[in-house]
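Summary of the model geometry
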Amino acid sequence: MIDINPIVTKAAMSIPFTVHEIIDRAAFLFPSKLFLVADQGELTYSQVIDLGRKLAYKLKTAEVGIGDRVLVACGNSLYVPIYLYATSLLGAITVPVSTQLRGSRLDFVLQDCSPCLVVTTDKYFRDRCAKSFGMPISYFNRVDDFIAEIDSIQKYEEVCNVIDLDLIVLMYTSGSTGMPKAVALCHSNVLSATESIARYLDIIEQDRILNCIPFTFDYGFFQILLCAIRGATLYIRPNFAYKEDIFSLIDNANITGIPFVSTQFTSIYARGGIGKRSFPSVRFITNTGSPFPEKYFEELKCTFPNAKIFSMYGLTECKRVSYLDPEKLPRKLSSVGKAMPNVRVRIIDESHNEVGAGVAGQLAVEGRNVMKGYWNNPNETKRVIRFANNLENPTLLTGDYFKTDVEGDLYFLGRRDDIVKICDTRISTKDLESVIACHEMVQEVAVIAYIKDMYTPLLFAFIVPFSDKHLQANELRAYIAQNVESPNMIPARLVLYNELPKTEHGKIDYSKLRKEIKIMED
Amino acid sequence: MNVFSKLTVILSEFNAFGVPIESHTRIIDDLGLDSLTIVEFLTRLEIEFHIKISDAEIKVKNFGTVEAIVHYLECKMKEAQ
């Protein structure tokens, strides 16, 4: 291995500007520390920068340079962080996408970001890309072969002229309406968000974080950076499907932190739960993407007895916005707290004036984490970012409606479409969803306010009961009636489903449900 | 119907992308099951094969590929006899 110290010393002593600099710094401070542990093997920080610099040399000879896109469809594997490091060195852009991307969405993404290289570990994905477009494809079957090939390169790429305003990643959002949009984040966006999150989660060098969230979802992707910025270790799992494997890993590796999405909580406690089993090594768990599942709060405290539980809110356009102080969670289960460090939020009305506590309005976000814009989509960028071109701070209009309580903690009310007025009662469909979700037989729920013609909205509740339970619609209706503030909040239609349609990131696909309502009602 | 064919029929309901189901097919990466649908799938296996699957058995070793599941089911059914 070549002596990397002279390369990284400077970076280690300074505040990092770029993604590769945070990994360089960790390699300088903790050279033999494990950075990545996956099924396919494990790598220390120095090994990652050694491989990454050689890979960068290889990519440069293939003419990958500043601003070029490298599409990475490698699942949750060691390839993603190594390619991220290498593209960062070259000023190129990583585009993580799911290996399951196909059909018109795949064509759209390939056309939209026009990558100069596709990297994949999935032979079906390789074949699908090869059919549609002529760009070069690197296909790797085994990590060992990849590492051996890269390791045999005896040359390093030096850092080219990368600045922190250069883009580093395009994250395609699931786009539950129409085709996906790519959120374009520069180094400075990514580093600011990473530092803020690492501060409030209090991540330290000794942490061992277990990631089962896809790297194609910003929540999973940022776990790589959260570890690198503090010199912690990332345990990578491809998914959360095999519970017992995950639990053994938490025990054997003494995992200290786990990011969750709410469907994973459901999967832990489905089929009768996990009994008295507990994981004392875990010191924090986090939830974002959809509301914190209140009904599992007590069980989570038993399963992770030493863990602080962070309920958080964010959107890919600025990565993360807020988190609730874990001390407050027991009395504020549905709150997502306050803005994270280096972020300012305001709740505004239609004329962009700030509203007071308790009043619903749109959440506006200022901070260095706010994206540069949507890739190839200046009109949409202009619509969601105000003041991009004058002395005021660029402000992201999230399109999400919130209110605050007297302590200033935020409560999510829904998207603009989710708040409706029925007979003078303002109803948040998200509030109603959380009421219904608390019913013990309900596994999943989606509520939609459907406005037909010019009449009063009709509330539809789509419900998935646990498969071993026999839920009666009239029983559920009575339960809802007892638990809502106004009879206007009782859904007009309760529809029992075996499963709800999902977007590729596993979120409920509301646009599909709206289409189904249209068919039912017309 | 043998175990493999019966399993293929059940899996075809979960096969969102219409990928060919062969013995080396991975149920998560290839068929697209996730942490929730696998729970539903396991419940179906319990009903169709008259077995009980404990949480401690939910591992890649038992349910990673079609081949692994066939092997697991055959062992389970032998145990039950």
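Rules used in this analysis
Residues numbered from 1 in each chain as written. Chains lettered and ligands numbered in written order. Predicted model: local features only at pLDDT ≥ 70, side-chain atom pairs only at ≥ 80, totals over all residues. Heavy atoms only, no water. Helix = DSSP H or I, 4+ residues; strand = E, 2+ residues; numbered from the N terminus. Rg over C-alpha atoms; globule rule 2.2 N^0.38 Å. Buried < 20%, exposed > 50% of the residue type's maximum accessible area, 1.4 Å probe, protein only. Contact = heavy atoms within 4.5 Å. Areas by Shrake-Rupley, 256 points an atom, 1.4 Å probe, with all protein chains shown as cover. 1 Å grid on protein atoms, 1.4 Å probe; cavity = no way out; pocket = protein on both sides within 12 Å on 5 of 7 lines; lining within 4 Å. Points joined across faces, edges and corners; volume = space filled by probe spheres on them. Core = buried A, V, L, I, M, F, W, Y, C linked by side-chain atoms within 4.5 Å. Domains from an automatic or database assignment. Axes fitted to C-alpha atoms, helices over the stretch in contact; angles between N-to-C directions. Parallel < 35°, antiparallel > 145°, perpendicular 65-115°, else oblique. Nonpolar A, V, L, I, M, F, W, Y, C, P; charged D, E, K, R; others polar. Salt bridge = Lys/Arg side-chain N within 4 Å of Asp/Glu carboxyl O. Buried area = accessible area lost by both parts, 1.4 Å probe. Polar contact = N/O pair within 3.5 Å; in protein donor to acceptor, adjacent residues only side chain to side chain. Phe/Tyr/Trp six-rings, centres within 6.5 Å; stacked < 30°, edge-to-face > 60°. Lys NZ or Arg CZ within 6 Å of the ring centre and 35° of its normal. Pairing = 2+ DSSP bridges.

**Details of the overall build of chain A**
- Helices and strands together make up the secondary structure of chain A, namely 16 helices and 26 strands.
- On C-alpha atoms alone, chain A measures out to a radius of gyration of 23 Å, which is about the 24 Å that the 2.2 N^0.38 rule sets for 522 residues.
- Here the C-alpha coordinates of chain A stretch approximately 70 × 55 × 50 Å along the principal axes.
- Taken across its 522 residues, chain A has 57% of its residues classed as buried.
- Of all intrachain contacts in chain A linking residues separated by at least 6 positions in sequence, the fraction that spans at least 24 positions is 67%.
- Taken as a whole, chain A presents about 21700 Å² of accessible surface, with 50% of it coming from carbon and sulfur.

**Considering the layout of surface pockets**
Residues and elements named next belong to chain A.
- Looking at the second largest pocket, its volume works out to about 310 Å³.
- Around the second largest pocket, the lining comprises 17 residues; the ones closest to its centre are Ile15, Pro16, Leu191, Glu195 and Arg368.
- Among the secondary structure elements, those contributing two or more residues to the lining of the second largest pocket are α2 (19-29) and α8 (187-201).
- Take the lining of the second largest pocket: its biggest share by element is seven residues, from α8.

**Examining the nonpolar core**
- In terms of nonpolar packing, the biggest core is built from 91 residues, with Ile23(A), Phe35(A), Tyr83(A) and Val190(A) touching the most fellow members.
- If you count residues domain by domain, this core takes at least three from each of domain 1 (13-208) and domain 2 (240-414) of chain A.
- Those residues in contact with Val190(A) that sit more than four places away from it in its chain are Val19(A), Ile168(A), Val169(A), Leu185(A), Phe222(A) and Leu225(A).
- The next biggest cluster of nonpolar side chains, apart from the first, holds 58 residues, and it includes Cys212(A), Ala307(A), Leu11(B) and Ile28(B).

**Focus: the packing of helix α3 (residues 45-61) of chain A against helix α7 (residues 143-151) of chain A**
Residues and elements named next belong to chain A.
- At a closest axis distance of 9 Å, the pairing of α3 and α7 adopts a crossing angle of 70°. Our classification of the angle between α3 and α7 gives roughly perpendicular. Here Asp50, Leu51, Lys54, Leu55 and Lys58 of α3 come into contact with α7, specifically with Phe146, Ile147, Glu149, Ile150 and Asp151.
- In the contact of α3 with α7, the residues fall into five nonpolar, no polar and five charged.

**Focus: the pattern of salt bridges**
- As enumerated under the stated definition, the model contains 36 salt bridges over all chains in all.
- A salt bridge links Glu433(A) to Lys430(A); its shortest N-O distance comes to 3.5 Å. Taken together, the positions of Glu433(A) and Lys430(A), both in helix α14 (residues 429-437) and three residues apart, correspond to about one turn of that helix.
- Of the charged contacts in the structure, one is a salt bridge between Asp30(B) and Arg26(B), with a shortest N-O distance of 2.9 Å.
- Taking the relative accessible area as the measure of exposure, Arg26(B) reaches 35% and is therefore partly exposed.
- What emerges from the salt-bridge pattern is a single network uniting Lys328(A), Arg331(A), Lys332(A), Lys338(A), Asp405(A), Glu407(A) and Asp409(A).

**Some points on the interface of chain A and chain B**
- Listed per partner, the contact involves 26 residues of chain A and 26 residues of chain B.
- Overall, the association of chain A and chain B removes approximately 2200 Å² of surface from exposure, summing both partners, and the carbon and sulfur fraction of that is 54%.
- Counting the surface chain A buries against chain B, the share from its top three residues, Gln100(A), Tyr242(A) and Arg271(A), is 33%.
- Scanning the region where chain A abuts chain B turns up one salt bridge.
- Across the salt bridge formed by Lys243(A) and Asp55(B), the nearest N and O atoms sit 2.9 Å from each other.
- Linking chain A with chain B are seven residue pairs in polar contact (both at pLDDT 80 or more).

**Side note on the packing of aromatic side chains**
Residues and elements named next belong to chain A.
- Scanning the model with the defined rule gives 26 aromatic pairs over all chains in all.
- Aromatic pair Phe240 and Phe260: ring centres 5.8 Å apart, planes at 75°, arrangement edge-to-face. Of this pair, Phe240 sits in the loop between β10 (233-236) and α10 (243-252) while Phe260 sits in strand β11 (residues 257-260), and the two are 20 residues apart along the sequence. One exposure class covers both Phe240 and Phe260, and it is buried.
- Grouping aromatic residues by their ring pairs yields a cluster made of Phe240, Phe247, Phe260, Phe265, Phe279, Phe292, Phe297 and Phe304.
- Positioned over the ring face of Tyr139 is Arg126, at 4.3 Å from the centre of the ring.
- When the ring centre of Tyr374 is taken as origin, the NZ or CZ atom of Lys181, which lies over that ring, is 4.7 Å away.

**What to know about the sheet that holds strand β25 (residues 458-465) of chain A**
All names here are of chain A.
- Judged by pairing direction, the sheet is mixed, and its three strands sit side by side in the order β24-β25-β26 without closing on themselves. For this open sheet the edge positions go to β24 (442-450) and β26 (493-496), each flanked by a neighbour on one side alone. For this sheet, the mean angle separating the axes of adjacent strands, direction not counted, is 20°.
- Both β25 and β26 contribute to a ladder of four bridges, which runs parallel.

**So, the side chain of Asn15(B)**
Residues and elements named next belong to chain B.
- Assignment of secondary structure puts Asn15 in the loop between α1 (3-14) and α2 (37-49).
- The exposure class of Asn15 is buried, given its relative accessible area of 14%.
- For Asn15, the side chain forms a polar contact with the main-chain oxygen of Val19, separated by 2.7 Å.

Nothing here speaks to function; it is geometry throughout.
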